[in-house]
Amino acid sequence: MIPYISTFVYFIAAIVIVLIGLMIFEWLTAQYKDWNEVKQGNQAVALSIAGKIIGICIILAFAIYHSVAVWETLIWGAYGVVLQMIAYLLFEGATRKFSVEEQLKQNNLAVGIISFGVSVGLAFVIGASIT
């Protein structure tokens, strides 16, 4: 019975970390509200959000695999969210010819795809570094 309870605890912890991460990312975007854009059919923003969710979950998967206690997973998860935010800000800073946030708001799918890739790709790097 313990493995079932443990799985449920990790499941709840993952949901909490993903929701907190999404709230922080929502707070970071000043030009629009993520869920309002999704409701209006903005596919670029949806891709960006999906990348963040998958990215956080990848980091959590590595954290669960390498942790011996739930609290370690929570710490790694929080750290992963911070690193994902740094990655997003670096991505925004690296695109000097345009604003990622503005392009996502304008439903630029190319930028949404790259944003997705940055989140997922760096999640594997972050996750693999968890020891």
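Above this text sits the structure in question.
Quick caveat, the model's predicted, so the values are computed rather than measured.

Peer 1: Please clarify how the pattern of salt bridges should be interpreted in this entry.
Peer 2: Two side chains with opposite charge may pair up if their charged atoms get near one another. Going through the model one piece at a time under the given rule, you end up with 1 salt bridge. Among the salt bridges present, the one from glutamate 37 reaches lysine 105, with a minimum N-O distance of 4.0 Å. Separated by 68 residues along the polypeptide, glutamate 37 in helix H2 (residues 34–39) and lysine 105 in helix H5 (residues 100–105) bring together distant segments of the chain. Given the relative accessible area of 8%, glutamate 37 is considered buried. The class of lysine 105 is partly exposed, set by a relative accessible area of 37%.

Peer 1: What is the right way to look at the packing of aromatic side chains in this model?
Peer 2: Tallied over the full model, the rule gives 3 aromatic pairs. Plain terms: the ring middles of phenylalanine 25 and tyrosine 88 are 6.3 Å apart, the flat faces sit at 80° to each other, and that makes the pair edge-to-face. Taken together, the positions of phenylalanine 25 in helix H1 (residues 2–28) and tyrosine 88 in helix H4 (residues 70–94) put the pair 63 residues apart, joining distant regions of the chain. Of the two residues examined, phenylalanine 25 and tyrosine 88, each falls in the buried class. Directly above the ring of tyrosine 88 sits lysine 52, whose terminal nitrogen or CZ lies 4.7 Å from the centroid.

Cut-off values and rules
Residues numbered from 1 in each chain as written. Predicted model: local features only at pLDDT ≥ 70, side-chain atom pairs only at ≥ 80, totals over all residues. Heavy atoms only, no water. Salt bridge = Lys/Arg side-chain N within 4 Å of Asp/Glu carboxyl O. Helix = DSSP H or I, 4+ residues; strand = E, 2+ residues; numbered from the N terminus. Buried < 20%, exposed > 50% of the residue type's maximum accessible area, 1.4 Å probe, protein only. Phe/Tyr/Trp six-rings, centres within 6.5 Å; stacked < 30°, edge-to-face > 60°. Lys NZ or Arg CZ within 6 Å of the ring centre and 35° of its normal.

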